[in-house]
Amino acid sequence: MITRTVSKNPRTTRGDLVNDLQRAETKVTKATISNTLRRQGLKSCSARRVPLLKPVHVQARLKFAREHLDDPEEDWENAICMTMIPNTAPGQRRSGSVRSISRSWSGLASLQISTP
């Protein structure tokens, strides 16, 4: 029942499943639900909390990139691309690479984004 419910509606929460099973007079915990789904090969995930970039924001980024495409390398030595830094919880160290912006701009000038 658990696997079937999650397969039909992937956004089903563990709490929803616990409540469904309680209505069927079966007492289980959220941990039991998680373990059962994991054994069935299903993984948990969190929904995206922020929307993706809107076309107007993409155009603004491309405009900035095109304007600064010919800037000398020295201007970008201290600049970092913030999208390359992984999200971390407060107090945790950031692990991962931080690349210079100038290295990631090589193909931006040729991009065309059509807006509806």
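As the structure is a prediction and not an experimental result, all values here were calculated from the model. (Residues numbered from 1 in each chain as written. Predicted model: local features only at pLDDT ≥ 70, side-chain atom pairs only at ≥ 80, totals over all residues. Heavy atoms only, no water.)

A word on a negative patch on the surface
Phase 1 of the analysis: A contiguous patch of negative charge, built from Glu73, Glu74, Asp75 and Glu77, is present on the exposed surface.
Phase 2 of the analysis: Along the chain, Glu74 turns up in the loop between helix 4 (55–67) and helix 5 (101–104). (Patch = residues over 30% accessible without salt bridge, like charges linked within 9 Å, V, L, I, M, F, W, Y side chains within 5 Å. Areas by Shrake-Rupley, 256 points an atom, 1.4 Å probe, with all protein chains shown as cover. Salt bridge = Lys/Arg side-chain N within 4 Å of Asp/Glu carboxyl O. Lys, Arg positive; Asp, Glu negative; His and termini not counted. Charge placed at Lys NZ, Arg CZ, Asp CG, Glu CD. Helix = DSSP H or I, 4+ residues; strand = E, 2+ residues; numbered from the N terminus.)

Observations concerning the pattern of salt bridges
Phase 1 of the analysis: With the rule as written, the count across this model stands at two salt bridges.
Phase 2 of the analysis: Two residues, Asp20 and Arg23, come together in a salt bridge whose shortest N-O distance is 2.5 Å. Here Asp20 pairs with Arg23, and both are found in helix 2 (residues 14–23), just three residues apart, close to one helical turn.
Phase 3 of the analysis: Asp20 gets classed as partly exposed once you look at its relative accessible area, which sits at 26%.
Phase 4 of the analysis: Since its relative accessible area comes to 62%, Arg23 is described here as exposed.
Phase 5 of the analysis: One salt bridge in this structure joins Glu67 and Lys63, with 3.8 Å as the shortest N-O distance. Highlighted residues: Glu67 and Lys63, both in helix 4, separated by four residues, approximately one helical turn. (Buried < 20%, exposed > 50% of the residue type's maximum accessible area, 1.4 Å probe, protein only.)

With respect to the layout of surface pockets
Phase 1 of the analysis: Reported here for the largest pocket is a volume of approximately 560 Å³.
Phase 2 of the analysis: Taken together, 17 residues make up the lining of the largest pocket; nearest its centre are Pro10, Thr12, Lys43, Ser44 and Cys45.
Phase 3 of the analysis: Broken down by secondary-structure element, the contributors of at least two residues to the lining of the largest pocket are helix 1 (2–8), helix 2 and helix 3 (30–39).
Phase 4 of the analysis: No other element matches the three residues that helix 3 contributes to the lining of the largest pocket.
Phase 5 of the analysis: In terms of residue class, the lining of the largest pocket is made up of seven nonpolar, six polar and four charged. (1 Å grid on protein atoms, 1.4 Å probe; cavity = no way out; pocket = protein on both sides within 12 Å on 5 of 7 lines; lining within 4 Å. Points joined across faces, edges and corners; volume = space filled by probe spheres on them. Nonpolar A, V, L, I, M, F, W, Y, C, P; charged D, E, K, R; others polar.)

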